[in-house]
Amino acid sequence: MLFKPTFWLKSVLAIDEEFLKKNGVKALVLDMDNTLSMHGDPKAEAGVEDWLDKMRKLGIKMRVVSNNTIKRVKPLANALGLDFTANGAKPLTFGVNRAVKAMGAKKAETLVIGDQIFTDILAGNFAGIRTVLVEPFHLENKWTFKFKRKIESLVFKRDYSDLELK
Ligand SMILES: [Mg+2]
């Protein structure tokens, strides 16, 4: 099922050494808005920088693939010390595939992580990479986001009742 994430976690902060080892993960393709920071916020959310340091110490490779513009993505990615692809065009796969290649990672050892089913999760599933759906740090007010959330909640109610929200 293309809309189904492999894992559904509260946030990236729930990803720890045990989770990575258990699932054989060595590389992460990270969404930016609402995954590492609030949408448009120039700073990362609390705990994210420490979490990135922890991941680096574990030898986890990471790269940001965002659908947002370079103007938005570059400052925060640079501040966090992360390589990035802007205008990633998820759910198309080229941004994600390029990221995996740039990290020198194998798809089987990679996770695509993001807060949106219709971009992040679809891109990962199209690319044949396991996915993690995270809850957005802050729900947005724009009607487009509200609309997407509504659809997602309907999809979840119908198909995801067996998924555990950690
Ligand atoms: Mg996002």
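One structure accompanies this document, and this report is about it. None of these values were measured; they are calculated from a predicted model.

**Notes on the overall build of the protein**
Here's step 1: Counting its secondary structure elements, the protein contains 6 helices and 6 strands.
Here's step 2: Each helix and strand of the protein, placed in order from N terminus to C terminus, yields the pattern β-α-β-α-β-α-β-α-β-α-β-α.
Here's step 3: Within the protein, counting contacts between residues at least 6 apart in sequence, those at least 24 apart form 66% of the total.
Here's step 4: For the protein, the accessible area works out to roughly 8700 Å², and carbon and sulfur atoms hold 56% of it.

**A look at the pairing of strand β3 (residues 61-65)**
The side chains of a regular strand alternate between both faces of the sheet.
Here's step 1: Within β3, 4 of the 5 residues are buried, which leaves the element mostly enclosed by the surrounding structure.
Here's step 2: Note: strand β2 (residues 27-30) against β3, 4 bridges, orientation parallel. From the neighbouring strand, valine 29 faces β3, where its bridge partner is arginine 63.
Here's step 3: Read from β2 through helix α2 (residues 48-57) to β3, the crossover connection turns out right-handed.
Here's step 4: Direction of pairing for β3 relative to strand β4 (residues 83-85): parallel, over a ladder of 3 bridges. Within the sheet, the bridge partner assigned to arginine 63 lies in β4 and is aspartate 83.
Here's step 5: Tracing the backbone out of β3, into helix α3 (residues 70-80) and back to the parallel element β4 gives a crossover that is right-handed.

**Some details on the nonpolar core**
Here's step 1: Counting residues in hydrophobic clusters, the biggest one holds 30 residues, and the most contacted among them are Leu28, Leu30, Trp51, Met62 and Ile113.
Here's step 2: Those elements that place two or more of their residues in this core are β1 (7-9), α1 (17-22), β2, α2, β3, α3, β5 (110-114) and β6 (130-134).
Here's step 3: Beyond its immediate sequence surroundings of up to four residues, isoleucine 113 is in contact with Val12, Ile15, Leu28, Val29, Leu30, Asp31, Thr35, Val132 and Val134.
Here's step 4: Counting 11 residues, the second-largest nonpolar core is a separate cluster that includes Val65, Ala99, Val112 and Ala123.

**Digging into a nonpolar patch on the surface**
Here's step 1: A surface patch of nonpolar side chains, about 390 Å² in accessible area, is lined by Met1, Leu2, Phe3 and Phe126.
Here's step 2: Within the secondary structure layout, phenylalanine 3 lies in the segment before β1.

**Quick notes on the packing of aromatic side chains**
Here's step 1: As enumerated under the stated definition, the model contains 2 aromatic pairs in all.
Here's step 2: Measuring from ring centre to ring centre gives 5.5 Å for phenylalanine 3 and phenylalanine 118, while their planes differ by 75 degrees; the resulting arrangement is edge-to-face. Placement of phenylalanine 3 in the segment before β1 and of phenylalanine 118 in helix α5 (residues 117-127) is noted, with a sequence separation of 115 residues between them.
Here's step 3: Judged by relative accessible area, phenylalanine 3 falls into the partly exposed class, the value being 30%.
Here's step 4: A relative accessible area of 24% means that phenylalanine 118 is categorised as partly exposed.
Here's step 5: Taking 4.9 Å as the distance between ring centres and 70 degrees as the angle between the ring planes, the aromatic pair formed by phenylalanine 7 and phenylalanine 19 counts as edge-to-face.

**Examining α2**
Here's step 1: Taken as a whole, α2 has its buried residues at Val48, Trp51, Leu52 and Met55. The buried residues of α2 occupy one face: seen down the axis, they fall within an arc of 100 degrees. Exposed residues pointing more than 90 degrees away from the buried face of α2 are listed as Asp50, Lys54 and Lys57.
Here's step 2: Next to the buried residues of α2 lie α1, β2, β3 and α3.
Here's step 3: Once α2 finishes, glycine 59 follows within two positions and takes phi at roughly 80 degrees, a positive value.

**Thoughts on the environment of proline 136**
Here's step 1: Mapped onto the fold, proline 136 is located in the loop between β6 and α6 (143-159).
Here's step 2: Residues proline 136 and aspartate 33 lie 103 residues apart in sequence; the distance between their C-alpha atoms is 8.3 Å.

What counts and what doesn't
Residues numbered from 1 in each chain as written. Predicted model: local features only at pLDDT ≥ 70, side-chain atom pairs only at ≥ 80, totals over all residues. Heavy atoms only, no water. Helix = DSSP H or I, 4+ residues; strand = E, 2+ residues; numbered from the N terminus. Contact = heavy atoms within 4.5 Å. Areas by Shrake-Rupley, 256 points an atom, 1.4 Å probe, with all protein chains shown as cover. Buried < 20%, exposed > 50% of the residue type's maximum accessible area, 1.4 Å probe, protein only. Pairing = 2+ DSSP bridges. Right-handed = clockwise from strand over helix to strand, strands pointing away. Core = buried A, V, L, I, M, F, W, Y, C linked by side-chain atoms within 4.5 Å. Patch = residues over 30% accessible without salt bridge, like charges linked within 9 Å, V, L, I, M, F, W, Y side chains within 5 Å. Salt bridge = Lys/Arg side-chain N within 4 Å of Asp/Glu carboxyl O. Phe/Tyr/Trp six-rings, centres within 6.5 Å; stacked < 30°, edge-to-face > 60°. Arc of directions from axis to C-beta.

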